[in-house]
Amino acid sequence: MGSKSFHPPVRTLMGPGPSDVNPRILEAMSRPTIGHLDPAFVEMMDEMKGLLQYAFQTRNELTMPVSAPGSAGMETCFVNLVEPGDKVVVCRNGVFGMRMTENVECCGGEAILVDDEWGKPVDPARLEAALQANPDAKIVAFVHAETSTGAQSDAKTLVEIAHKHDCLTIVDAVTSLGGTPIKVDEWGIDAIYSGTQKCLSCTPGLSPVSFNAAALEKVRNRKTRVQSWFLDLNLVMGYWGSGARRAYHHTAPINALYGLHEALVLLEEEGLEASWARHARHHAALRAGFEAMGLRFIVDAAHRLPQLNTVTIPEGIDDAAVRARLLNEYNLEIGAGLGALAGKVWRVGLMGFAANQTNVLFCLQALDAILTDMSATINSGAAVKAALAAYQKA
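Residues numbered from 1 in each chain as written. Predicted model: local features only at pLDDT ≥ 70, side-chain atom pairs only at ≥ 80, totals over all residues. Heavy atoms only, no water.

Colleague: Explain the overall build of the protein here, please?
Modeller: Secondary structure assignment for the protein yields 14 helices and 14 strands. On C-alpha atoms alone, the protein measures out to a radius of gyration of 21 Å, which is about the 21 Å that the 2.2 N^0.38 rule sets for 394 residues. The principal-axis extent of the C-alpha atoms belonging to the protein is close to 65 × 55 × 50 Å. In the protein, which comprises 394 residues, the share counted as buried stands at 57%. Considering only residue pairs separated by 6 or more positions, the protein has 72% of its internal contacts joining residues 24 or more positions apart. Of the roughly 16,200 Å² of accessible surface on the protein, a fraction of 53% belongs to carbon and sulfur atoms. (Helix = DSSP H or I, 4+ residues; strand = E, 2+ residues; numbered from the N terminus. Rg over C-alpha atoms; globule rule 2.2 N^0.38 Å. Buried < 20%, exposed > 50% of the residue type's maximum accessible area, 1.4 Å probe, protein only. Contact = heavy atoms within 4.5 Å. Areas by Shrake-Rupley, 256 points an atom, 1.4 Å probe, with all protein chains shown as cover.)

Here's what the structure looks like:
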């Protein structure tokens, strides 16, 4: 047929994910494949669990990567913890809260919705009211870092409210892990999931999860079978459990796990607090550039994710045309708005390896040049200067 090897273009990824992958991770993934029950691989699995426990700030024994992307991590939490008839309070302030609702319904649960405006964090008072109105609720689910808007909710407070009403918690940390503080044990989070393609700078395809003892007690004492064979923790724990003896469950994505291991080694080398500070520092410069240009953030500064920056599109400017020019002329990817925000905002990621000064200045310069060429109502030439000034203050 004349097909040729696929060689992708070299892009700078500053959308909502995937993010730029650290070259050390790509190199790690190219290493020789060994068996998923090989003693050397099992040893790496044990080390990876420890590294994930560090990233999540937990001692939970069941801390592991699900062999599928972040959406499967979400589903792992819901199919294991939600039984038919269970009332689950779902906090929705964006697209991924809506997906949580769908997961509850797929499990036969009843979703009690706590809705907040897109771009706002989850309102603790509304959660409190919903739990008072539904004393038989068993689980509270919310998104810590809403990727569709760039808003971050107060996970510690929301978990405290849930526990006061004897509910377990399921937390989406897909965009926050490695970029902003997550303290699973200190905050008392019962079940949490994330993804590898955001602030961990890894390739997509794996979903780190962690379950505490209270969550596992519910899993082990279910009245009904978990509706998913592949994601049933009662089975998966036989492979990701402790000790050298592992029960075959599925063929793990070996080389992808090499990559995640390397990503977590990199995070440990940098240090969690240093990673959080780095994301904040580059966000401050990008924010200064956007605001000098005249673009407005939709999330209040107090609740804004440094790694996911959502800004309004200048009036009269075609969203898709700008993103196409960034891709074709600069090999730069930024994200479009989702749902109600489609065509109204851009989502600019500063995640993991992509959170650096070169990318910040490159993105601002490219966007400035294209918007100026399209006669947008912006302050042309101001963005890079403002970002540089922010770096000098840092």
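Colleague: I'm lost on the layout of surface pockets in this one. Help?
Modeller: Empty space among the atoms becomes visible once a probe the size of a water molecule is rolled across them. The calculated volume of the largest pocket comes to roughly 300 Å³. In this structure, the largest pocket is lined by 17 residues; those nearest its centre are F96, R99, V174, Q197 and K198. The set of elements that each furnish at least two residues to the lining of the largest pocket consists of α3 (70-81) and α4 (95-106). The greatest single-element share of the lining of the largest pocket, amounting to three residues, is contributed by α3. Of the residues that constitute the lining of the largest pocket, the class distribution is eight nonpolar, five polar and four charged. Lining the second largest pocket are 15 residues, with S201, L266, E270, R278 and F353 sitting closest to its centre. Within the residue set of the lining of the second largest pocket, elements represented by two or more residues are α10 (254-270) and α11 (272-293). When residues of the lining of the second largest pocket are assigned to their parent elements, the largest contribution, four residues, is made by α10. Classifying every residue of the lining of the second largest pocket by side-chain character gives seven nonpolar, six polar and two charged. (1 Å grid on protein atoms, 1.4 Å probe; cavity = no way out; pocket = protein on both sides within 12 Å on 5 of 7 lines; lining within 4 Å. Points joined across faces, edges and corners; volume = space filled by probe spheres on them. Nonpolar A, V, L, I, M, F, W, Y, C, P; charged D, E, K, R; others polar.)

Colleague: It is not clear to me how the sheet that holds strand β2 (residues 62-66) should be interpreted in this structure. Could you clarify?
Modeller: The strands making up a sheet associate through backbone hydrogen bonding, with each pair oriented either parallel or antiparallel. Within the open sheet, the seven strands sit side by side as β2-β10-β9-β8-β5-β3-β4. Their pairing is mixed. Every other strand in the sheet has two partners, leaving β2 and β4 (110-115) as the edge strands with one partner each. Here the average twist between neighbouring strands, direction ignored, is 15°. Pairing between strand β3 (residues 87-92) and β4: six bridges, direction parallel. Residue pairing in the sheet places V88 in a bridge with A111 of β4. Across the sheet, α4 is in contact with β3, β4, β5 (139-143), β8 (168-172) and β9 (191-193); its angle to β3 comes to roughly 165°. (Pairing = 2+ DSSP bridges. Axes fitted to C-alpha atoms, helices over the stretch in contact; angles between N-to-C directions.)

Colleague: I keep staring at unusual backbone geometry and nothing clicks. Help me out?
Modeller: The phi torsion of most residues other than glycine is negative, and most of the peptide bonds are trans. With omega at 5°, the peptide bond leading from G17 into P18 counts as cis. Inspection of the secondary structure assignment puts P18 in the loop between β1 (12-13) and α1 (23-29). If you check the backbone angles, S201 has positive phi at about 60° while not being a glycine. With respect to the helices and strands, S201 occurs in the loop between β9 and β10 (207-211). The buried category is assigned to S201, whose relative accessible area is 7%. In this model, S375 sits at a positive phi of 60°, which is unusual for a non-glycine residue. Tracing the backbone shows S375 in the loop between α13 (357-373) and α14 (383-393).

Colleague: Would you explain empty space enclosed by the protein in this entry?
Modeller: Tallied over the entire structure, the rule returns one cavity of 30 Å³ or more. Taken as a whole, the largest cavity holds about 70 Å³ of empty space. Lining the largest cavity are M64, P65, V66, S67, T76, F230, L231, L233, V236, W240 and H250. At the level of secondary structure, the elements contributing two or more residues to the lining of the largest cavity comprise β2 and α9 (233-240). Class assignment of the residues belonging to the lining of the largest cavity gives a composition of eight nonpolar, three polar and no charged.

Colleague: I tried to follow the nonpolar core on my own but got confused; where do I start?
Modeller: Side chains of a nonpolar character, in soluble globular proteins, are inclined to be buried together. Among the nonpolar cores identified, the biggest contains 88 residues, and F41, F78, L81, V89, V140, I170 and F211 are the most heavily contacted of them. Aside from chain neighbours lying at most four places away, what touches F211 is N60, L62, T76, C77, L81, D190, A191, L216 and L233. Core analysis: the next-biggest nonpolar cluster, separate from the first, contains 32 residues, M293, I317, V348 and A376 among them. (Core = buried A, V, L, I, M, F, W, Y, C linked by side-chain atoms within 4.5 Å.)

Colleague: For this particular structure, what's the right way to read the pattern of salt bridges?
Modeller: Any two side chains of opposite charge can pair, on the condition that their charged atoms come close. As enumerated under the stated definition, the model contains 18 salt bridges in all. K138 is the partner of D86 in a salt bridge, and the nearest nitrogen-oxygen pair spans 3.4 Å. Here D86, found in the loop between α3 and β3, pairs with K138, found in the loop between α5 (124-133) and β5; they are 52 residues apart in sequence, far enough to count as distant. The buried category is assigned to D86, whose relative accessible area is 4%. (Salt bridge = Lys/Arg side-chain N within 4 Å of Asp/Glu carboxyl O.)

Colleague: So what exactly am I meant to see when it comes to the sheet that holds strand β14 (residues 345-349) here?
Modeller: Spatial strand order, β11-β14-β13: three strands in an open sheet with antiparallel pairing. On the outer flanks of this sheet lie β11 (308-312) and β13 (335-336), each paired with one strand and no other. As defined by bridge partners, β13 adjoins β14 across two bridges and the pair is classed as antiparallel. The residue bridging A336 from the neighbouring strand is W346, located in β14.

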